[in-house]
Amino acid sequence: MNQKPKPPRRGKKRRFAEDPHAEREAQKYQSPIASREFIMALLEDSGRLMTREEVAAAFNLESEEDLEALRRRLRAMERDGQLLRNRRGGYGLVDRMDMVRGRVIGHPDGFGFLVPEEGGEDLFLAPRQMRQVMNGDRVVARVTGIDQRGRREGAIIEVLERKTQRVVGRIYFEAGISFVVPDHKRLTQDIRIPPESVGGARHGQFVTAAIVEQPNKRSGPVGRVVEVIGDHMAPGMEIDVAMRAHELPHTWPEAVEEEIEGLADKVSAAAKRNRVDLRDMQLVTIDGADSRDFDDAVYCKRTPRGWKLIVAIADVSHYVKQGSALDTEAHLRGNSVYFPERVIPMLPEILSNGLCSINPEVDRLCMACEMTIDEQGKVTRSRFMEALMRSHARLTYDQVAMALVERDKTARAELAPLLDSLEELYSLYKTLRKLRNRRGAIDFETTETRIVFGADRKIERIVPVQRNDAHKIIEECMIAANVCAARFLGRHKLPTLYRVHEGPQADRLVDLRAFLGELGLSLGGGDKPSASDYARLLKKVQTRPDAHLIQTVMLRSLSQARYSPDNIGHFGLSHEHYLHFTSPIRRYPDLLVHRAIRHQLRNDARKKSGKQTRLAAFPYSHADMTTLGEQCSVAERRADDATRDAVDWLKCEYMLDKVGEDYQGIVSSVTSFGIFVELKDIYVEGLVHITALHNDYYHFDPAGHRLRGERTGKVYRLGDEVQVKVVRVNLDDRKIDFGLPDAPQSAVPGKSSEGKRSERKSANKKRRRRKRR
């Protein structure tokens, strides 16, 4: 247990032995000095700022070695935001100086916010403050007052950490000056590139620039071109840019290459020993026709009291050992990233498409979950095992659906040897589905799309991905295995990462109830509705013409799922215990789960052997998992942002030759500055700016998700059908502007207000550059 240091009496000499963390410091350092906690207690007790010399005197430090150690410790505490040093060399506690530590979040319009590390209200940072920092920088700021909108406003005192070291963008040469305009929308400062540092780049090309001088109060950032990515409209450029802009690791370090050199393309005889042999069992993989990795297989058979289901998952943890170069890189990547027709894998190809891909008719190592399930769909018994398997077939969702759902004779004949097992799998799915409905899991019907490319990687069309019962069969099997894994690790009290999903936040719930009230609807559950309350309302409105609107608003009231070592359940699935076990080939949290299960299985085997062998200690703590959970959640969001950027680029490119054309669409979002509309059958979204809604002044109603005309009473609401005209496509900003077909020409903006603002800012920058010259 951490012991809080007792405040020493003012003026008293502090002895190292009085430090409650002295033992910890002595273990870590050959010549230990006062711990951070003891130094902070000294400053707290003094009630004033102290110089390094005064701190040294208080701790009776005199040798050069001790003084240097103190200098380094104070500097590290300053860097970590625990202390602040003034111009006279005095150190003080940040928490006692009304200072706020946090990360800077930039806004495309030039201002920003400081998100406090300790939680609480964000600080608004005006554009003049943002000139000295970049998005993601860690800083200390002080509260300077309240702005006109009632927000706390801050001034940056010190930059603790620089987040941005490289920037991806387009390079421009104007009036003898070269500069890179960042592609990242939250980086609003151009990067000046000296003539000798352009690296052979040509005007308009995408480049990567290393920051050689960070911005400060007087001047902006300076960079050096370290990579020329390519021309603006080159095929595949959207992915190359997204990878670099979002800092996705996409090359294998030399240490990883060396580590995988020793891997063969077949499972060794030694690796097969001491495993449960499942090779005669009719395990099969069922995936999409264009799937790129196969990490799960299933088998089902009927029993007198229900079913036996086996979910076998590629045993990635056998090959990726903790602390190895492979592990370090997988941890850094966090997950595989799936772009249209291209993937950045978490693991090298020899594993992701070889040894850890469950290809048909080859031996593979697996971690298997065997479940005994009764007639009501309840798992009555489960066990995990390190096993050896052989997939009996690589099936597709459409193939299985044709055989089981459509009862197509040809499809059934092709799958004849496997049909008994597949039929039982389908029967089990129907039972699990009924249990899911009784449990109250939420089923939101969303549309996923797939981009179909033609020659030269040009988009031919954007099509919806149709989900059939075969998709749902595998989904229910994976959920069942995930729940069993969560219960197993929870029962053995092993630190792990749960996939948690919290219920709606209070403010979102108020807005949702206000919206539903206008429609004569209500959500049960009071202040803490359950998933079943959501599910009942969804079922009640499914036949209404505005069902899609209601579902969208309900979905937006919920928080995003994340990884955490604290099991608070999964609201959407209505499960008390849930984690990710089924995809260690592409998700690092699943790999951690596999390591925990293997650890317990092997310790159990040691106990059963009767030998006096020492049980292995699990190498991860709860604190480790907290850090890993945050990192994996960030990596997941990073991958989502990168793929969204690439897809938005492709959709803009697809619409470039469609300016002036009219389309039917659905209002997909309503904001104070306009309505976003998704085009029917094309699945492309654009903005109808509020200035394009002519002949009236429109006012935003956030609770009702609508804009209402002041004079005409005309309403644009979420889910409404509207006809729009494509008026502008901005590939650089990934933005499409729509107008109304019957709008007078002057009312349809040639550029969005954001675009105009951006151009004004660019013009102002150019004028400032010319003045400096």
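The text that follows walks through the structure, step by step, so that each part is easy to find. (Residues numbered from 1 in each chain as written. Predicted model: local features only at pLDDT ≥ 70, side-chain atom pairs only at ≥ 80, totals over all residues. Heavy atoms only, no water.)

1. Some thoughts on the sheet that holds strand S29 (residues 698-701)
Taken in spatial order, the 3 strands of this open sheet run S29-S30-S31, and their pairing is antiparallel. Here the strands that pair on one side only, and so sit at the sheet edges, are S29 and strand S31 (715-717). Pairs of neighbouring strands in the sheet enclose a mean axial angle of 20 degrees, with direction left out of account. Pairing of S29 with strand S30 (residues 706-709) involves 4 bridges; the strand directions are antiparallel. Along S30, the bridge assignment pairs Asp701 with Arg706. (Pairing = 2+ DSSP bridges. Helix = DSSP H or I, 4+ residues; strand = E, 2+ residues; numbered from the N terminus. Axes fitted to C-alpha atoms, helices over the stretch in contact; angles between N-to-C directions.)

2. A few points about the sheet that holds strand S13 (residues 276-277)
In spatial order, the strands read S13-S20-S19-S16-S15; together these 5 strands make up an open sheet with mixed pairing. Edge positions in the sheet fall to S13 and strand S15 (296-303), since each has one partner strand and no second. Docked against the sheet, helix H14 (residues 419-439) engages S15, strand S16 (306-314) and strand S19 (363-374), running at close to 85 degrees with respect to S15. Contacts between helix H15 (residues 469-491) and the sheet are confined to S15, S16, S19 and strand S20 (379-390), with S20 contributing the most and set at about 105 degrees to the helix. (Contact = heavy atoms within 4.5 Å.)

3. Description of helix H4 (residues 64-79)
Owing to its 3.6 residues per turn, the α-helix brings residues three or four apart onto one side. Taking 1.5 Å of rise per residue, 16 residues should cover 22 Å, and H4 covers 22 Å from first to last C-alpha, within 8% of that figure. Within H4, the full set of buried residues consists of Asp66, Leu70, Arg73, Leu74, Ala76, Met77 and Glu78. Looking at the buried positions of H4, the neighbouring elements they touch are helix H1 (22-28), helix H2 (36-46), helix H3 (52-58), strand S1 (83-85), strand S2 (91-93) and strand S7 (152-161). Count one or two residues on from H4 and you reach Gly81, which has phi positive near 80 degrees. (Expected span 1.5 Å × (residues − 1). Buried < 20%, exposed > 50% of the residue type's maximum accessible area, 1.4 Å probe, protein only.)

4. So, unusual backbone geometry
Here the phi dihedral of Glu341 falls at roughly 60 degrees; this positive angle occurs in a residue that is not glycine. Mapping Glu341 onto the fold places it in the loop between strand S17 (337-339) and strand S18 (342-344). The backbone of Glu361 sits at a positive phi, close to 60 degrees, despite the residue not being glycine. Mapped onto the elements, Glu361 comes out in the loop between helix H11 (349-355) and S19.

5. A look at empty space enclosed by the protein
With a probe scaled to a water molecule rolled over the atoms, the places where space remains empty come into view. A complete count under the given rule lists 5 cavities of 30 Å³ or more for this structure. Considering the residues around the largest cavity, the lining is formed by Met130, Val133, Met134, Asn135, Arg186, Leu187, Thr188 and Gln189. Here the residues of the lining of the largest cavity are counted per class, giving 4 nonpolar, 3 polar and 1 charged. (1 Å grid on protein atoms, 1.4 Å probe; cavity = no way out; pocket = protein on both sides within 12 Å on 5 of 7 lines; lining within 4 Å. Points joined across faces, edges and corners; volume = space filled by probe spheres on them. Nonpolar A, V, L, I, M, F, W, Y, C, P; charged D, E, K, R; others polar.)

6. A few points about a negative patch on the surface
The grouping of Glu254, Glu257, Glu258 and Glu261 at the surface amounts to a negative patch. With respect to the helices and strands, Glu258 occurs in helix H7 (residues 254-260). Under the relative-accessibility criterion, Glu258 is labelled partly exposed at 48%. (Patch = residues over 30% accessible without salt bridge, like charges linked within 9 Å, V, L, I, M, F, W, Y side chains within 5 Å. Areas by Shrake-Rupley, 256 points an atom, 1.4 Å probe, with all protein chains shown as cover. Salt bridge = Lys/Arg side-chain N within 4 Å of Asp/Glu carboxyl O. Lys, Arg positive; Asp, Glu negative; His and termini not counted. Charge placed at Lys NZ, Arg CZ, Asp CG, Glu CD.)

Purely geometric numbers; function is a separate question.
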